[in-house]
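Fold and geometry: a report
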Amino acid sequence: MGNSKIMKTLINILLTTLILIAATSGNVLAQNDLPQGSARTSKADTDTISTLFQRLQTLYEADKYHDVLQLSEEIQNLPRLSKDQKQERLKYTLAAFKLLDYDNEADSIAKLFLKKDPFYVPTNDDPVPFQNVLNGYTTRPMFSVWMAGGWHNVEPFNDTIHTIIYATSKAPKYKITGYSVQLGFEYRPLKIVSISIAPSFVFYELNRTIQHSDIATFHYNETSTVFTLPLLVEAAWYRKRIKIVPSIYAGAQMKSIVYSEFEAYNTAGTYTSKNNDPQDNTDTKNKINYSLLGGLRFNYNHRRMTYFADLGGSIDMLPYNDPAKKYQNYDLLYHNFYISDVFRMIEYSIKIGIKINIKYKIIAKYNNEY
């Protein structure tokens, strides 16, 4: 069917986009983490760098803080420092500044350190002034891009049920499921609040059955592709620099049916009365719809990446089928004596995703530095 081709194309586009974003982000991080100059470091260079860091620690423990700052500057100019070595140098530089009462300089070093490692948690092995200053800050991702995929289950909220002539039951059975791919862009203007716009494509399969007689069953099967454009407001419970962060979100979305096709037939025992290939019925839908939505997320932060699980729900404001066009599907009307039901979608979804945090904001606790 046409849906499968559209689906494959969209998934390829979204995966390619995410790969490019990840590659770009990884390249930037790699450029910051890798040594400058030659990619190889000789054993002599390694021994020299190791000796300098041992000396840096010795000077700090001997309370020679001016010497610590001087040696830190010499180490900074070395061409072959790893990210961990750069961060280690910043620890002792910050501690020395703090103990010399250079509070502004210490705060500047803390912000630089957290920009490079936003979720670092000080340990007992770190210099005590470094621990104290770093614990006075929190970090928040300011701009992010994310991708998610999920499974959807839909319950129809019925308005009008149209039954087939001579149907023995007036209660049709519905099974509506789907899956989605989504690309999101997030901005966090406040400490715990973020705003996202997250276009997605949802691919639905609708199966409706009703007893036509004691031995015969009428089947109506439909597949559709729906473009959605949600606007979300999310509140996350950030405490210090914890890695697991729960959040809740709410918002609204516009839905547009891209394509829909159906097939209708009767079965009686092993006999099936299929006569036609799937047919387009996009024009009989409410092509533009609107939904209210909300949900709960669990986020796991690791370096500049966030992995999340999403439990969501939504309800449409307009019917899925357009009541004003209920007589326009002549194949259903004259060959199957069927008029499409009028219902709204109540939808539940489970999604998993990955987020790349492009830029972080460093926030002083209690709006106060040093």
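Residues numbered from 1 in each chain as written. Predicted model: local features only at pLDDT ≥ 70, side-chain atom pairs only at ≥ 80, totals over all residues. Heavy atoms only, no water.

Residue alternation in strand β3 (residues 193–197) divides its side chains into a buried set, Ser194 and Ser196, and an unburied set, Val193, Ile195 and Ile197. Remark: five residues form the turn of the hairpin made by strand β2 (residues 173–187) and β3, two consecutive strands paired antiparallel. (Buried < 20%, exposed > 50% of the residue type's maximum accessible area, 1.4 Å probe, protein only. Helix = DSSP H or I, 4+ residues; strand = E, 2+ residues; numbered from the N terminus. Pairing = 2+ DSSP bridges.)

What follows deals with the pattern of salt bridges. Across all of its chains, the model carries twelve salt bridges by this definition. One salt bridge in this structure joins Glu186 and Arg188, with 3.7 Å as the shortest N-O distance. Taking relative accessible area as the criterion, Arg188 reaches 5% and is therefore assigned buried. Shared partners join several salt bridges into a network, and the residues in it are Glu88, Lys91 and Asp126. (Salt bridge = Lys/Arg side-chain N within 4 Å of Asp/Glu carboxyl O.)

Our next topic: the nonpolar core. With 30 residues, the main nonpolar core has Leu56, Val68, Ile75, Leu94, Phe113, Leu134 and Tyr137 as its most contacted residues. At the level of secondary structure, the elements contributing two or more residues to this core comprise α2 (43–61), α3 (65–76), α4 (83–99), α5 (103–116), α6 (128–134) and β11 (342–364). Val202, Tyr220, Phe262 and Tyr320 belong to the second largest nonpolar core, which has 17 residues in total. (Core = buried A, V, L, I, M, F, W, Y, C linked by side-chain atoms within 4.5 Å.)

Between its first and last C-alpha atoms α5 spans 20 Å; for 14 residues at 1.5 Å apiece the expected length is 20 Å, and the two agree. Turning to α5, its buried residues number three or more, namely Asp103, Ala106, Asp107, Ile109, Ala110, Phe113 and Leu114. The buried residues of α5 occupy an angular sector of 160° when the element is viewed end-on, so they sit on one face. Tucked inside the fold, the buried residues of α5 contact α4, α6, β1 (137–160) and β11. (Expected span 1.5 Å × (residues − 1). Arc of directions from axis to C-beta. Contact = heavy atoms within 4.5 Å.)

Detailed conclusions should not be drawn from predicted coordinates in areas where pLDDT is low. On average, residues of the protein chain carry a pLDDT of 83, and 82% of them reach 70 or more. Within the protein chain, no element has a lower average pLDDT than helix α1 (residues 2–33), which sits at 54, and none a higher one than β2, at 95. Low pLDDT (under 50) marks residues 26–41, which in the prediction has 18 contacts with non-local residues, meaning those over four places away or in another chain. (pLDDT = per-residue confidence, 0-100.)

One pass over the structure, following the stated rule, counts 13 aromatic pairs. Ring centres of Tyr60 and Tyr65 lie 5.8 Å apart, and the angle between their planes is 55°; this geometry places the pair in the tilted category. Taken together, Tyr60, Tyr65 and Tyr92 form an aromatic cluster joined through their ring pairs. The ring of Trp146 is capped by Arg297, whose NZ or CZ atom sits 4.5 Å from the centre of that ring. The lysine or arginine in question, Arg297, covers the ring of Phe308, its NZ or CZ lying 4.2 Å from the ring centre. (Phe/Tyr/Trp six-rings, centres within 6.5 Å; stacked < 30°, edge-to-face > 60°. Lys NZ or Arg CZ within 6 Å of the ring centre and 35° of its normal.)

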